[in-house]
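Chains, contacts and geometry: an overview
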Amino acid sequence: VSEGFWPHGVRVQPRSGQELVLEAISASDDGEDGFLPSAFAGADERGRLVLSAREFPRAVTAATHLGAILLVFDQFEELVTLFPGTTGLRQAQDGIVEAIVALLRGGAVNPGHDPREPQPMIPVKLLFSFREDYLAGLRLLLDAQPELVHQSLRLVAPPQNATIEIIRAPFVAFPGHYPRELSDNLAQQIGDSLGEHREGEDPPLSELQIVCDRLWKADDPAALLAQRGVAGLVEDHLEDALSKFEGDDRDAAIAVLGQLVTSSNTRNIVARPDLVERAIDEPEGLTPALIERVVARLDQQSGLIRAERRYDLDLYEITSKFLIPWISRQRDQLVAGRAQREQEAKLKSQRRTISVIT
């Protein structure tokens with residue numbers, strides 16, 4: 001925004017005629033100021049607009065009449081992970097690449113443009129964010145636009161000893177700006193707790209964000225950390241996420257999460273079909289449709305699980321090792337509740353039998 005570009009988020013999806021989804025970008029880091037308005041005609045109040053790959057270049061070209069546009073393709077590895085090698089999806093994938101290349105080469109062609117003249121460039125920039133291990137899978141785009149390889153920036157994880165610096169950086173850079181701070185001592189305690197992961201692993205940044213956010217919002221951060229500890233704060237955050245699932249959805253969510261932790265309390269990576277089949281065997285009354293819906297919510301809304309596509313399969317795992325004890329307790333409570341209901345049903349049946357005999 002400060003450089004004069006109007007930012008918009010873009011996601012790809014494997015739906016013919018609806019391959020690209022425009023999304024508004026939050027107006028502030030905390031999301032409390034709503035979303036930036038959209039420059040695209042037809043976008044809803046949240047700036048969301050679904051377009052076909054064929055429509056996309058023309059829609060972007062029209063939007064640039066209102067100002068320079070920045071398109072942020074978040075999680076662009078989904079161009080690989082969401083498009084298995086079926087004919088229809090390959091065509092959708094090709095269409096997305098063609099739309100992107102058209103923008104990089106000047107946007108939609110003006111009907112009155114002389115084909116003998118070079119196509120004038122439109123004021124648009126494209127930013128692709130994706131996991132490095134999917135770079136080779138994006139060859140379809142890179143072959144069409146090879147100069148993109150030389151316009152890239154590789155972001156690496158911070159070193160293990162940077163945890164305290166990460167926590168304190170905002171307060172050091174902007175002294176007095178924040179109404180409250182996380183002290184050096186508190187940062188050291190957090191760093192020591194999170195530093196208990198195995199040697200050679202990257203710092204657990206997701207957990208660090210959760211812990212710092214909950215402590216920063218607390219009236220007495222030191223007391224809260226002493227009471228709950230890092231693991232407890234992460235569990236509190238995850239319990240809040242699970243609280244959005246009610247009734248059968250909650251039982252289904254616990255059943256799904258339980259399959260992603262082994263009996264020896266380690267992470268378990270499970271393919272989607274196996275995950276659905278195993279979760280159905282947990283509490284009675286769960287259906288494949290219910291499990292499928294809950295898996296999607298857990299992945300897209302809760303932050304409790306994540307998916308990765310390999311060999312045309314969606315593989316799921318929990319997002320944090322701190323989840324393991326919490327999930328184990330939830331699973332044990334679910335199993336205990338089922339056993340109690342079965343025992344009550346058995347006793348009720350026995351009483352009915354005795355009453356009939358009498």
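Placed above this text is the structure.
The model shown is predicted, which means the values in this text are computed figures rather than measured ones.

Comments concerning the overall build of the protein chain
Along its length, the protein chain carries 12 helices and eight strands. In the protein chain, of all internal contacts separated by at least 6 residues, the share reaching a separation of at least 24 is 62%. Of the roughly 21200 Å² that the protein chain leaves accessible, carbon and sulfur atoms contribute 51%.

Quick look at the sheet that holds strand β4 (residues 69-73)
Read from one edge of the open sheet, five strands run β3-β2-β1-β4-β5, paired in mixed fashion. Two strands bound the open sheet, and with one partner strand each, they are β3 (49-51) and β5 (124-128). Neighbour to neighbour, the strand axes of the sheet diverge by 25 degrees on average, direction disregarded. Where strand β2 (residues 20-23) lies against β3, three bridges are found, and the strand directions are antiparallel. Bridge pairing links V21 to V50 in β3.

A short note on the nonpolar core
Counting residues in each nonpolar core, the largest one holds 47 residues, and the members touching the most others are I190, L215, I291, L298, L304 and W326. Looking at which element gives the most residues to this core, the answer is helix α8 (residues 221-242), with seven residues. Sequence-distant contacts of I291, defined by excluding residues within four places in its chain, comprise A252, V256, V276, A279, I280 and L286. F40, I122, V124 and L126 belong to the second largest nonpolar core, which has 35 residues in total.

Quick look at the pattern of salt bridges
Opposite charge on two side chains allows them to pair when their charged atoms are near. A complete count under the given rule lists 16 salt bridges for this structure. R139 is paired through a salt bridge with D143; the nearest N and O atoms lie 3.1 Å apart. Separated by four residues within a single helix, R139 and D143 lie in helix α4 (residues 139-144), roughly one turn from each other. What makes R139 exposed here is its relative accessible area of 57%. The closest approach of N and O atoms between R297 and D249, which form a salt bridge, is 3.1 Å. You can see R297 sitting in helix α11 (residues 288-302) and its partner D249 sitting in helix α9 (residues 248-259), a full 48 residues away along the chain. Since its relative accessible area comes to 13%, D249 is described here as buried. Among the charged side chains, a salt-bridge network with shared partners connects R168, E181 and D184.

A short note on the pairing of β2
Inspection of the sheet shows strand β1 (residues 6-12) paired to β2 by four bridges, in the antiparallel sense. Counted as the bridge partner of V12 is L20 from β2.

Some points on unusual backbone geometry
Phi is positive for Q75, close to 50 degrees, though the residue is something other than glycine. Structurally, the position occupied by Q75 is in the loop between β4 and α2 (78-81).

So, the side chain of E78
Position of E78 among the secondary structure elements: in helix α2. Looking at E78, its side chain comes within polar contact range of the side chain of R11, at 2.7 Å. Non-local contacts of E78, meaning those with residues more than four positions away in its chain, are made with R11, V12 and F83.

Concerning the packing of helix α5 (residues 163-173) against helix α7 (residues 205-217)
Contact pair α5 / α7: the axes reach a minimum separation of 11 Å and the direction vectors enclose 40 degrees. As far as their axial angle goes, α7 and α5 are oblique. α5 and α7 meet at a crossing whose hand is right-handed. From α5, T163, I166, I167 and F171 reach across to α7, where they touch L205, L208, C212 and W216. The class makeup of the residues in the contact of α5 with α7 is seven nonpolar, one polar and no charged.

Here we look at the environment of L126
Tracing the backbone through its elements, the reader meets L126 in strand β5. Here L126 falls in the buried class, since its relative accessible area comes to 18%. Counting along the chain gives 116 residues from L126 to V10, while the straight-line C-alpha distance between them is 9.8 Å. With sequence-adjacent residues up to four places away left out, L126 is seen in contact with L71, F73, I100, L103 and L104.

Remarks on the side chain of Q145
Position of Q145 among the secondary structure elements: in the loop between α4 and α5. Look at Q145 and you get buried, because its relative accessible area is 5%. Not counting the four nearest positions on each side in its chain, Q145 is found in contact with V101, L104 and R105.

Side note on the packing of aromatic side chains
Summed over the entire model, instances satisfying the criterion amount to six aromatic pairs. With 5.4 Å between their ring centres and 80 degrees between their planes, F171 and Y178 make a pair best called edge-to-face. Residue classification places F171 among the buried residues on the basis of a relative accessible area of 8%. Across the ring face of F245, the terminal group of R297 is positioned such that the distance to the ring centre comes to 4.0 Å.

Definitions and cut-offs
- Residues numbered from 1 in each chain as written.
- Predicted model: local features only at pLDDT ≥ 70, side-chain atom pairs only at ≥ 80, totals over all residues.
- Heavy atoms only, no water.
- Helix = DSSP H or I, 4+ residues; strand = E, 2+ residues; numbered from the N terminus.
- Contact = heavy atoms within 4.5 Å.
- Areas by Shrake-Rupley, 256 points an atom, 1.4 Å probe, with all protein chains shown as cover.
- Pairing = 2+ DSSP bridges.
- Axes fitted to C-alpha atoms, helices over the stretch in contact; angles between N-to-C directions.
- Core = buried A, V, L, I, M, F, W, Y, C linked by side-chain atoms within 4.5 Å.
- Buried < 20%, exposed > 50% of the residue type's maximum accessible area, 1.4 Å probe, protein only.
- Salt bridge = Lys/Arg side-chain N within 4 Å of Asp/Glu carboxyl O.
- Polar contact = N/O pair within 3.5 Å; in protein donor to acceptor, adjacent residues only side chain to side chain.
- Parallel < 35°, antiparallel > 145°, perpendicular 65-115°, else oblique.
- Left-handed = near helix turned anticlockwise from the far one by under 90°.
- Nonpolar A, V, L, I, M, F, W, Y, C, P; charged D, E, K, R; others polar.
- Phe/Tyr/Trp six-rings, centres within 6.5 Å; stacked < 30°, edge-to-face > 60°.
- Lys NZ or Arg CZ within 6 Å of the ring centre and 35° of its normal.

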